[in-house]
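Report on the structure
Chain by chain, the residues:
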Amino acid sequence: MRKQLSKNWLTSQFWLRFLIILLLVIGVFFRFVNIDKKIYWGDEVFSSLRISGYLQSEMNEQLSNGSLLTIKDLSKYQYPNSERNTIDTIKGVILEDSQILPLYILMTRFWVQHFGDSVAAVRSFSAFTSLFTFPFIYLLCKELFGSSLIGWMAIALVAVSPVHVVYAQEARAYSLWIVATLISSLALLRAMRLKTKVSWCIYAATLVLGFYTHLFFTLVAFAQGIYVVVIERFRLTKTSIYYLFSSLAGFITFAPWVWIIINNPQPAAVAWANAKQTFFGSVTRWAGIYSRTFLDLGISPSDPGKLKLALIPFILIIFAIVFYSIYVLCRRTPKKVWLFVLTLIGSVGLPLLVTDFVFQKRYATTRYTLPSVLGIQLAVAYLFTTKLTSISPQVWQKKLWSIVVFIVITGGVISCSLNSQAQIWWNKLPEGYHEFPKIANIISQGNQPLLISDDSIIPSIQVLGHLVDRKVQFQIVKKNHLPEITNGFTDIFLFNCSDYLKAGIEKIYSSKLQQINPLLWKLTKST
């Protein structure tokens, strides 16, 4: 009987690894397929502006003077060129975007200089970076659990995790932040085990990597400190001393940028988070944030309530699996294992949870809770692996958990499939940009179209610049100014214009404006 169980266990291990490798291939495919299909939205055009090395103030001054502009003129402020160097890029981040941290911007600038100026090239750096999630989460599981099988299961979950795929195709620092969190976590556990100066120096270096990747990595580092203190039982041990020196070295290297943030604050960049939110609104948002770890059908906070209600059974199942996995983890693993996972989950999740529910703010978004997502996936990977590989005579239990794993993985694959075919997804702020593809299509159908606007160049005009045909020309003016429209254009459109601009053009050019949608008007001859 025991030999038969052992043989079945080895067979299940073989098929488990085979299926996980298949899922890994599928996950890599989803990270790169149709990478340039989705709208290049506001946050991404800001990333591109920083990569270009120009200041927003420079761009506004040079483009908002009423002259005719081509797509090439707009693209000058979206990709690197010979007029601006790396120092200019750092200067732009310091003066106008100090909160986004420079490492991702500099690495992406280098990447684009070698792989070309296009949306696909810019986003492919995030996709490429996300591939490092696989080896590092595997190594982290081996270090934490002492099990390669749990590492393989974690790879499978991450490979088809909708939230990982979404941010692997985003021109922002989130994929790099995920990798930095995994590397830092692995380095900490390894340093605590080896207790050597070299291993603690490596951990200090990973802190620097994380600090200069995302501002919220400071919360991850703080949670790691809590973990060390608790594991060492609040005593000043050799491990505690090494940790203090390593973390101090990491914080010292980050201190110059902290000074920059203090002296160049950008409150407008996070003004959206100050919006008041009801208790029910917070519950809905958090349910969406964590359920997207395993299931994402593209529903955004602005979608109708009926769609959200339809998801409630699935969300409840996901949360049941998550809470049960944490329960099993805490019951069956040593303190040093379950405490690490809990501190990772709570590192960013707990502060944002308090901010949302106590202060009624709206800081919590999926992109800010990615370290918590990693912690949840570690717990679920442990649960699934132990249930599937358990040498138990009760066959029905293993079959039940096989079905659960199949459903979770299938939900991830379906989610990634839907995402790969969509032009706009919930992370692209659909409530603000859902009309842009339609607008771009209407404008591009003209033979010699001209688009006039007094709207902000970033993000709106630059977003459109990535969508319209290259034959489209632009004429951008400052508020309370009117353009001089030249002859030769067959179709003239006004985009998101002020009443002053609309009334002025109708009066001066003896024309009428035909409203096409809430953001677009077409100039027609007055009858």
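In what follows, the structure referred to is the one given above.
Residues numbered from 1 in each chain as written. Predicted model: local features only at pLDDT ≥ 70, side-chain atom pairs only at ≥ 80, totals over all residues. Heavy atoms only, no water.

Re the environment of Thr385
Quick note on the threshold: Counting from the N terminus, the helices are the DSSP runs of H or I reaching at least four residues and the strands are the DSSP runs of E reaching at least two. Only protein chains enter the area calculation, which uses a 1.4 Å probe; residues under 20% of their type maximum are buried, those over 50% are exposed, and those in between are partly exposed. We call two residues in contact when some of their heavy atoms are within 4.5 Å.
When you line up the elements, Thr385 lands in helix H18 (residues 370–389). Residue class for Thr385 comes out buried when judged on its relative accessible area of 3%. Here the alpha-carbon distance between Thr385 and Ile150, two residues 235 residues apart in the chain, equals 5.7 Å. Beyond its immediate stretch of four places on either side in the chain, Thr385 contacts Leu149, Ile150 and Met153.

Quick word on helix H2 (residues 42–52)
Counting buried positions over the 11 residues of H2 gives 10, a clear majority of the element. All buried positions along H2 are accounted for by Gly42, Asp43, Glu44, Val45, Ser47, Ser48, Leu49, Arg50, Ile51 and Ser52.

Quick notes on the layout of surface pockets
Where empty space is left can be seen by rolling a probe of water-molecule size over the atoms. Note the following rule: The pocket and cavity definitions rest on a 1 Å grid over protein atoms only: a 1.4 Å probe that fits but cannot leave marks a cavity, an open set with protein on both sides within 12 Å along at least five of seven lines marks a pocket, and residues lining either have an atom within 4 Å of a point. Grid points are joined across faces, edges and corners, and a volume is the space filled by probe spheres set on the points.
Within this model, the second largest pocket holds a volume of roughly 450 Å³. Residue lining of the second largest pocket: 18 residues in total, with Leu16, Leu19, Leu388, Ser402 and Val405 positioned closest to the centre. Elements that contribute at least two residues to the lining of the second largest pocket include exactly helix H1 (2–32), helix H9 (148–159) and helix H19 (395–421).

Examining helix H22 (residues 457–465)
In terms of burial, H22 is a largely internal element, eight of the nine residues being buried. By the burial criterion, the buried members of H22 are Ile457, Ile458, Ser460, Ile461, Gln462, Val463, Leu464 and Gly465.

Considerations on the packing of helix H5 (residues 86–96) against helix H6 (residues 103–115)
When two helices pack together, their arrangement is given by the angle between the helix axes and by the axis-to-axis distance. The test is simple: The axes used here are C-alpha line fits, helices contributing only the stretch in contact, and every angle between their N-to-C directions lies in the interval 0 to 180 degrees. By definition, any crossing whose near helix is turned counterclockwise from its far helix by less than a right angle is left-handed, and any crossing with a clockwise turn is right-handed. We call Asp, Glu, Lys and Arg charged. Ala, Val, Leu, Ile, Met, Phe, Trp, Tyr, Cys and Pro are nonpolar, and the rest, Gly among them, are polar.
At a minimum axis separation of 10 Å, H5 and H6 run at an interaxial angle of 150°. Both H5 and H6 take part in a crossing whose hand is right-handed. Across the interface between the two elements, Thr86, Thr89, Ile90 and Val93 from H5 touch Ile105, Leu106 and Arg109 from H6. Of the residues belonging to the contact of H5 with H6, the class tally is four nonpolar, two polar and one charged.

Regarding the side chain of Thr389
Test applied: As used in this structure description, the phrase polar contact means that two N or O atoms lie within 3.5 Å; if the pair is within protein, one of them must be able to donate a hydrogen and the other to accept it, and residues adjacent in sequence are counted only when both atoms belong to side chains.
Examined against the element boundaries, Thr389 turns out to sit in helix H18. Accessibility expressed as a relative area gives 13% for Thr389, which makes it buried. Within the local environment of Thr389, its side chain forms a polar contact with the backbone oxygen of Thr385, the two atoms lying 2.6 Å apart.

Some words on a nonpolar patch on the surface
Heads up, the rule is: Patch rule: a residue counts if its relative accessible area is over 30% and it has no salt bridge; like charges are joined within 9 Å, and nonpolar side chains (Val, Leu, Ile, Met, Phe, Trp, Tyr) within 5 Å. Here the open area of atoms and residues is found with the Shrake-Rupley method and a 1.4 Å probe, where only the protein chains shown may cover a residue. Put simply, a salt bridge is a Lys or Arg side-chain nitrogen that is within 4 Å of an Asp or Glu carboxyl oxygen.
A cluster of nonpolar side chains, contributed by Phe14, Trp15, Phe18, Leu19 and Leu22, occupies part of the molecular surface with about 540 Å² of accessible area. Counting through the fold element by element, Leu19 comes out in helix H1.

A closer look at the side chain of Thr366
Within the secondary structure layout, Thr366 lies in the loop between helix H17 (335–358) and H18. Judged by its relative accessible area of 2%, Thr366 falls in the buried class. Here Thr366 is in contact with Val163, Tyr167, Ile289, Arg292 and Trp426, once residues within four sequence places are set aside.

Points about empty space enclosed by the protein
If you walk through the whole model with that rule in mind, you get three cavities of 30 Å³ or more. Considered as a void within the structure, the largest cavity measures approximately 50 Å³ in volume. Forming the boundary of the largest cavity are Ser185, Val220, Ala223, Gln224, Tyr227, Phe340, Thr343 and Leu344. Secondary-structure elements contributing two or more residues to the lining of the largest cavity are helix H13 (217–231) and H17. If one sorts the elements of the lining of the largest cavity by residue count, H13 sits on top with four residues.

Some points on the pairing of strand S3 (residues 473–476)
Keep this limit in mind: Pairing between strands requires that DSSP locate at least two bridges from one strand to the other.
Relative to S3, strand S1 (residues 68–69) runs antiparallel, the two being bridged by two bridges. Counted as the bridge partner of Leu69 is Phe474 from S3. Bridging between strand S2 (residues 449–453) and S3 involves four bridges; their strand directions are parallel. Of the residues in S3, the one forming a bridge with Leu451 is Phe474.

Interpretation note: all reported values are geometric properties and have no functional meaning in isolation.
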